Amino acid sequence: VQLQASGGGLVQAGGSLRLSCAASGRIFAINDMGWYRQAPGRQRELVATHGGRTNCADSVKGRFTISRDNAKKTVYLQMNSLKPEDTAVYYCSAEVAADWRRNYVNYWGQGTLVTVSS
């Protein structure tokens with residue numbers, strides 16, 4: 001299973017970016033999909049997840065929106081009103097079952113850098 005993330009880049013404070021992450025490979029079912037981020041010198045933290053219900057970190061509520069297209073096996077993160085403190089490498093994740101036994105395994109994408117300038 002591969003997760004291909006895209007959409008990162010450099011943006012000014014107050015701007016917007018949209019991240020995408022597509023899953024491919026041997027996939028029978030996907031449970032949760034989500035986004036995490038890691039800023040320099042800090043631990044990886046949850047940004048938002050989507051497993052039917054959505055869950056967002058308090059720091060991004062009202063600014064970031066997670067959505068999902070199950071047919072495309074893709075999760076999106078719309079990021080608005082970006083702040084310099086949102087600067088980080090953003091990683092997507094997905095809980096994937098390879099067959100009918102539904103033994104879910106968590107996979108990570110390669111990360112995409114988001115830089116917000118002040």
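Details of the structure are given in the entry above.
None of these values were measured; they are calculated from a predicted model.

A. Layout of the sheet that holds strand β7 (residues 64–69). One open sheet accounts for four strands, arranged β1-β3-β8-β7; its pairing is antiparallel. At either margin of the open sheet sits one strand with a lone partner, and together these are β1 (2–6) and β7. Averaged over all adjacent pairs, the angle separating strand axes in this sheet is 15 degrees, with direction ignored. Judged from the six bridges that link them, strand β3 (residues 17–24) and strand β8 (residues 74–79) form a sheet pairing that is antiparallel. Within β8, the position partnered with C21 by the bridge is V75.

B. Spotlight on the pairing of strand β6 (residues 53–56). As paired strands, strand β5 (residues 45–51) and β6 are joined by four bridges and run antiparallel to one another. Looking across to β6, one finds that G51 is bridged to R53. Where β5 folds back onto β6 in an antiparallel hairpin, the turn is made up of one residue, including G52, whose phi is positive at roughly 100 degrees.

C. Highlighting the side chain of R68. The residue R68 is located in strand β7 in this model. The buried charged residue R68 lacks any salt bridge, with D32 as its nearest oppositely charged partner at 5.4 Å. For R68, the side chain forms a polar contact with the main-chain oxygen of I30, separated by 3.0 Å. Of the polar contacts made by the side chain of R68, one reaches the backbone oxygen of N31; its length is 2.6 Å. Here R68 is in contact with I30, N31, D32, M33, H50, G51, T74, V75 and Y76, once residues within four sequence places are set aside.

D. Focus on the nonpolar core. Within the largest apolar cluster, 30 residues are counted, with the highest numbers of intra-cluster contacts made by W35, V47, F64, L77, M79 and Y90. In terms of residue count, strand β9 (residues 88–97) provides more of this core than any other element does, five residues in total. Discounting chain neighbours no more than four positions away, the residues touching L77 are L17, R18, L19, W35, V47, A48, F64, T65, I66 and Y90.

What counts and what doesn't
Residues numbered from 1 in each chain as written. Predicted model: local features only at pLDDT ≥ 70, side-chain atom pairs only at ≥ 80, totals over all residues. Heavy atoms only, no water. Pairing = 2+ DSSP bridges. Helix = DSSP H or I, 4+ residues; strand = E, 2+ residues; numbered from the N terminus. Axes fitted to C-alpha atoms, helices over the stretch in contact; angles between N-to-C directions. Buried < 20%, exposed > 50% of the residue type's maximum accessible area, 1.4 Å probe, protein only. Lys, Arg positive; Asp, Glu negative; His and termini not counted. Salt bridge = Lys/Arg side-chain N within 4 Å of Asp/Glu carboxyl O. Polar contact = N/O pair within 3.5 Å; in protein donor to acceptor, adjacent residues only side chain to side chain. Contact = heavy atoms within 4.5 Å. Core = buried A, V, L, I, M, F, W, Y, C linked by side-chain atoms within 4.5 Å.

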